[in-house]
Amino acid sequence: MFKTLDDIGSGKRVLVRLDLNSPVEDGIVKDNRRFARHARTVRELVEAGHRVVVMAHQGRPGRDSFVSLDQHADLLAEYVETPVAFVDDICGEAAIDAIRSLDAGEVLLLENVRMCDDELPEKPPEEHADSEFVRTLAPEFDCYVDDAYSAAHRSHASLVGFPLVLPSYAGRVMQAEYEANTSIANREFDGPVTMVLGGAKATDVIDVMSALDDEIDHYLLGGIVGELFLRAAGYDVGYDVGDGELYDHQWENNEARIRDLLAERGNRILLPVDLAYETDDGERAEIPVEGVEKTQPLLDVGSQTVERYADVIEESAAVFVKGALGVFEDERFADGTVGLLEAIATTDCFSVIGGGDTSRAIELYGLDEEYFSHVSIAGGAYVRALTGQSLPAVEVMAQDDC
Ligand SMILES: Nc1ncnc2c1ncn2[C@@H]1O[C@H](COP(=O)(O)OP(=O)(O)OP(=O)(O)O)[C@@H](O)[C@H]1O
Ligand SMILES: O=C(O)[C@H](O)COP(=O)(O)O
């Protein structure tokens, strides 16, 4: 599909695009699995004696998370186990000087690429390739490596401009994400394929369900999405309670599609049979869906649901997860999400765990990533891959004929 690090050789000047976009709290950049994952690619480039210049973004202009990458340099250095120099410039004189003074095996991180005016407009690769940003930086390098799969749904200059003017290669994260996330379309499985769909974004989940049909044998639903499907099935579930605003507007936007999916594929869609709520004294309690009242906030699927879903997983050849089954950030309401992940971990099915939030449950509850075939670090790009949409930055790499 595309060339990889195996094809680069050694001793080159390499421009590499990572996705180090991270949560930021009170100006502090939070460590997360993106650093560890991308470090593998950077370390491999360092060991091959390349001069490595890293581009990455953080946040979006106007948001609190739109900050400098100076902290990212230190975090990345910890995982690469080699110093990562930082320059607070992207393609000006300071950046060019820093790039030219790099020695073999050294790493330099440029400032947040979204601080460059040329970066952000969604434009075709040809226009980005002709931007001042790309035309200034490209001559400083022998090749470009794209490892930023999780940003590949954006047609931004640093992602789609360089492959048109430099020989381009996929980094290890790009390779692994691409292979796993497109496997519904590209692989044959020897048995049923199951999707576990939950979380808070109903439209994303319904898009995934609508895009796939015969490929999927079972859908196991939970989270807010599962509750909206229960509402469509006639239960008193999936309504905003008090001043909550999680359900009703999503229902209004998606009611027709939910009803159609239930009518057309009801035999393949499993809904929760019990749900969990918080009692007056702060404990977790469970209730069958038939007994729920509209005034009750529901925060997880119950244990009967997990058992039922685990039976389906045991018979599956492949399982794809998108979205959590409950509010797993609160330990009392993590049983559904963690129970499901444990059920997947104990089988030898092919498994892909995705959704930026959901995959956090794996580290939060100490599950070993090795038990899963692939744990994605992508959010929007993962959904697009599951729905069979092409990603501009992947497409342009595949076309590379420099
Ligand atoms: N019943 C519920 N009530 C409220 N929140 C819920 C419920 N079930 C799940 N959630 C929340 O859904 C969130 C995950 O949903 P989201 O749709 O963001 O998933 P994701 O696919 O992992 O993320 P992303 O799309 O950002 O990559 C979790 O933070 C969880 O707390
Ligand atoms: O964190 C992400 O999902 C990617 O880096 C994309 O970020 P964006 O949604 O701000 O483009």
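Under an unreviewed UniProt entry, the name given to the protein is Phosphoglycerate kinase, and the source organism is Haloplanus aerogenes. As stated in UniProt under Subcellular location (unreviewed entry), the record for the protein gives "Cytoplasm". Annotation of the protein in UniProt includes, under Subunit (unreviewed entry), the sentence "Monomer."

Draft legend 1. How the structure looks around helix α7 (residues 172–181). Of all 10 residues in α7, 8 are buried, a share of seventy percent or more. Regarding α7, the residues found buried are Arg172, Val173, Met174, Gln175, Glu177, Tyr178, Ala180 and Asn181.

Draft legend 2. Quick look at unusual backbone geometry. Although it is not a glycine, Asp26 sits at a positive phi angle of roughly 50°. Note on placement: Asp26 falls in the loop between β2 (24–25) and β3 (28–29). Residue classification places Asp26 among the exposed residues on the basis of a relative accessible area of 81%. A positive phi is found at Glu81, a non-glycine position, where the angle reads about 60°. With respect to the helices, strands and loops of the structure, Glu81 is situated in the loop between α2 (70–80) and β5 (84–87).

Draft legend 3. Representation of the UniProt feature "binding site: substrate" (unreviewed entry) in the protein in the model. Cross-referencing UniProt, the feature "binding site: substrate" (unreviewed entry) maps to Asp19, Leu20, Asn21, Arg34, His57, Gln58, Gly59, Arg60, Arg114 and Arg154 in the present numbering. Note on placement: Asp19 falls in the loop between β1 (13–17) and β2. For Asp19, the contacting residues outside a window of four places in its chain are Arg34, His38, His57, Ala148, Ser150 and Ala151. For Asp19, the side chain forms a polar contact with the main-chain nitrogen of Asn21, separated by 3.0 Å. When you line up the elements, Gly59 lands in the loop between β4 (51–55) and α2. Given a relative accessible area of 6%, Gly59 falls into the buried group. Gly59 has contacts with Asn21, Ser65, Phe66 and Arg114, leaving out every residue within four places of it along the chain.

Draft legend 4. Quick look at the UniProt feature "binding site: ATP" (unreviewed entry) in the protein. The residues that UniProt annotates with the feature "binding site: ATP" (unreviewed entry) are Glu329, Gly355, Gly356, Asp357 and Thr358. Separation in sequence by 30 residues is not matched in space for these annotated residues, since their most distant C-alpha atoms are only 14.4 Å apart. Set against the largest cavity, the annotated residues named above that line it are Thr358. Looking at where Asp357 falls in the secondary structure, it is placed in the loop between β16 (350–354) and α14 (360–364). We classify Asp357 as partly exposed; its relative accessible area is 42%. Within the element layout of this structure, Thr358 appears in the loop between β16 and α14. Residue classification places Thr358 among the buried positions, given a relative accessible area of 3%.

Draft legend 5. Representation of the pattern of salt bridges. In this structure the tally under the stated criterion is 23 salt bridges. Between Arg34 and Asp19 there is a salt bridge; the shortest N-O distance is 3.4 Å. Pair noted here: Arg34 is in helix α1 (residues 33–47) and Asp19 is in the loop between β1 and β2, with a separation of 15 residues, a long-range link. For the residue pair Arg34 and Asp19, the accessibility class agrees, reading buried in each case. By sharing partners, the salt bridges in this structure join Arg33, Arg37, Glu363 and Glu369 into a single network.

Rules behind the numbers
Residues numbered from 1 in each chain as written. Chains lettered and ligands numbered in written order. Predicted model: local features only at pLDDT ≥ 70, side-chain atom pairs only at ≥ 80, totals over all residues. Heavy atoms only, no water. UniProt positions renumbered as here; feature names shortened; annotations may be inferred. Buried < 20%, exposed > 50% of the residue type's maximum accessible area, 1.4 Å probe, protein only. Helix = DSSP H or I, 4+ residues; strand = E, 2+ residues; numbered from the N terminus. Contact = heavy atoms within 4.5 Å. Polar contact = N/O pair within 3.5 Å; in protein donor to acceptor, adjacent residues only side chain to side chain. 1 Å grid on protein atoms, 1.4 Å probe; cavity = no way out; pocket = protein on both sides within 12 Å on 5 of 7 lines; lining within 4 Å. Salt bridge = Lys/Arg side-chain N within 4 Å of Asp/Glu carboxyl O.

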